[in-house]
Amino acid sequence: MDWGSPLAALATALGIGLLIGAVRERQHGDVLAKAGVRTHALLALAGAVASMFGTPVLLVVLAAVAVL
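Asker: Where do I start with the overall build of the protein in this structure?
Answerer: Broken down by element type, the protein carries three helices and zero strands. Shown N-terminal to C-terminal, the secondary structure of the protein runs as helices and strands in the order α-α-α. Judged by the C-alpha coordinates and their principal axes, the protein covers about 45 × 30 × 10 Å. By the burial criterion, 13% of the 68 residues in the protein qualify as buried. For the protein, the accessible surface area stands at approximately 5,300 Å², while carbon and sulfur atoms represent 71% of it.

Asker: What is the right way to read helix α1 (residues 4-28) from this model?
Answerer: Every α-helical turn comprises 3.6 residues, leaving residues that sit three or four positions apart pointing alike. Taking 1.5 Å per residue, 25 residues should reach 36 Å; α1 reaches 36 Å between its end C-alpha atoms and fits that length. Within α1 the residues assigned to the buried category are Ala-13, Gly-17 and Gly-21. Considering only its buried residues, α1 is in contact with α2 (37-53).

Asker: What exactly am I supposed to notice about the confidence of the model for the protein here?
Answerer: A low pLDDT means the predicted coordinates there should not be read in detail. Across the protein, pLDDT averages 87, with 94% of residues at or above 70. When the elements of the protein are averaged for pLDDT, α1 gives the smallest value, 90, and helix α3 (residues 55-67) the largest, 93.

Asker: Sorry if this is basic, but what is going on with α2 here?
Answerer: In a regular helix each residue adds 1.5 Å, so 17 residues correspond to 24 Å; α2 covers 25 Å between its end C-alpha atoms and thus fits that length. Within the span of α2, buried status applies to His-40, Ala-41, Ala-48 and Ala-50. Note on α2: the residue one or two positions beyond its end, Gly-54, has a positive phi of about 125°.

Rules and cut-offs
Residues numbered from 1 in each chain as written. Predicted model: local features only at pLDDT ≥ 70, side-chain atom pairs only at ≥ 80, totals over all residues. Heavy atoms only, no water. Helix = DSSP H or I, 4+ residues; strand = E, 2+ residues; numbered from the N terminus. Buried < 20%, exposed > 50% of the residue type's maximum accessible area, 1.4 Å probe, protein only. Areas by Shrake-Rupley, 256 points an atom, 1.4 Å probe, with all protein chains shown as cover. Expected span 1.5 Å × (residues − 1). Contact = heavy atoms within 4.5 Å. pLDDT = per-residue confidence, 0-100.

Below is the structure:
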């Protein structure tokens, strides 16, 4: 099995999640932000993994994130 494509997709999702989280933390300064680096990185990885399993799984994960 070729692991290059899934690994690249997960690494890209992780990188984007980390960047978005870092920007949000810097913009809020001293105020406690509800979602930062860890939250955005985990949600980005969850979305990437769910999309690899297919559309129904992705929709369930998106609904679960929306509820939370």
